[in-house]
Amino acid sequence: MAAIIEVESEGNPRAVSGKSVGVMQITPVLVEDCNQILKRRNSNKRYTLADRYNVQKSKEMFLLYQSWYNPENDVEQAIRSWNGGMRYTKRGTQRYFEKVMKAMKK
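Residues numbered from 1 in each chain as written. Predicted model: local features only at pLDDT ≥ 70, side-chain atom pairs only at ≥ 80, totals over all residues. Heavy atoms only, no water.

1. So, the pattern of salt bridges
At step 1: Per the stated rule, a full pass over the model turns up four salt bridges.
At step 2: A salt bridge links Arg80 to Glu76, with the nearest nitrogen and oxygen atoms 2.8 Å apart. With a gap of four residues between them, Arg80 and Glu76 both fall in helix H4 (residues 75–84), about one helical turn apart.
At step 3: Judged by relative accessible area, Arg80 falls into the buried class, the value being 2%.
At step 4: Ionic pairing is found between Lys90 and Glu76, a salt bridge with its closest N-O pair at 3.5 Å. Placement of the pair is Lys90 in helix H5 (residues 90–104) and Glu76 in helix H4, with a sequence separation of 14 residues.
At step 5: On the basis of relative accessible area, Glu76 is assigned to the partly exposed category, the value being 28%.
At step 6: Among the ionic contacts, a cluster of salt bridges with common partners joins Glu76, Arg80 and Lys90. (Salt bridge = Lys/Arg side-chain N within 4 Å of Asp/Glu carboxyl O. Helix = DSSP H or I, 4+ residues; strand = E, 2+ residues; numbered from the N terminus. Buried < 20%, exposed > 50% of the residue type's maximum accessible area, 1.4 Å probe, protein only.)

2. So, the environment of Phe97
At step 1: Inspection of the secondary structure puts Phe97 in helix H5.
At step 2: Separated by 19 residues in sequence, Phe97 and Ala78 have C-alpha atoms that sit 9.8 Å apart.
At step 3: Setting aside its immediate chain neighbours within four residues, Phe97 contacts Glu76, Ile79 and Arg80. (Contact = heavy atoms within 4.5 Å.)

3. Let's talk about the packing of H4 against H5
At step 1: Where H4 contacts H5, the two axes come as close as 9 Å, and the packing angle between them is 120°. Viewed along their axes, H4 and H5 adopt a mutual orientation that is oblique. For H4 against H5, the interelement crossing comes out right-handed. From H4, Val75, Glu76, Ile79, Arg80, Trp82, Asn83 and Gly84 reach across to H5, where they touch Lys90, Gly92, Thr93, Gln94, Tyr96, Phe97, Val100, Met101 and Met104.
At step 2: Here the contact of H4 with H5 is built from residues that sort into eight nonpolar, five polar and three charged. (Axes fitted to C-alpha atoms, helices over the stretch in contact; angles between N-to-C directions. Parallel < 35°, antiparallel > 145°, perpendicular 65-115°, else oblique. Left-handed = near helix turned anticlockwise from the far one by under 90°. Nonpolar A, V, L, I, M, F, W, Y, C, P; charged D, E, K, R; others polar.)

4. Some words on unusual backbone geometry
At step 1: For Gln25, which is not a glycine, the phi torsion comes out positive at approximately 50°.
At step 2: Turning to its location among the elements, Gln25 is positioned in the loop between strand S2 (20–21) and helix H2 (28–40).
At step 3: A positive phi angle is found at Asn42, which is not glycine, with a value near 60°.
At step 4: In this fold, Asn42 is placed in the loop between H2 and helix H3 (55–69).
At step 5: Using a relative accessible area of 72% as the deciding quantity, one classes Asn42 as exposed.

5. Comments concerning the packing of aromatic side chains
Aromatic ring pairs are described here by two measures, namely the spacing of the ring centres and the angle between the planes.
At step 1: Under the counting rule described, the total for this entry stands at three aromatic pairs.
At step 2: Arranged with centres 4.9 Å apart and planes meeting at 50°, the rings of Tyr65 and Tyr69 form a pair that is tilted. Taken together, the positions of Tyr65 and Tyr69, both in helix H3 and four residues apart, correspond to about one turn of that helix.
At step 3: According to the relative accessible area criterion, Tyr69 is partly exposed, its value standing at 26%.
At step 4: Members of the aromatic cluster, each reached through a chain of ring pairs, are Phe62, Tyr65, Tyr69 and Trp82.
At step 5: A cation over a ring is seen here: Arg80 above Phe97, with NZ or CZ 4.3 Å from the ring centre. (Phe/Tyr/Trp six-rings, centres within 6.5 Å; stacked < 30°, edge-to-face > 60°. Lys NZ or Arg CZ within 6 Å of the ring centre and 35° of its normal.)

These figures come from the coordinates and say nothing about function on their own.
Listed below in structure tokens is the structure:
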């Protein structure tokens, strides 16, 4: 997760790129997806768009998303799906994957 944060925002919780914001560059669609997962799990917790600027809540959303779509905790799938969504292609996410892997080795 630290390597993804480094690649996404260099650790800046105020980073903005289009509709993506915060340390993990979370989109409104991902917030809604996380809230749907919480609803399916019968949780009363919900995330707001402002939560994307909160480092801890951004990490929680990442872990929630991964627990639902990547329950085996496959590192490559986690990295590629964070960049390209759950229907990612290896070709489409290759540069991002390489950047994250390089950041992991630092």
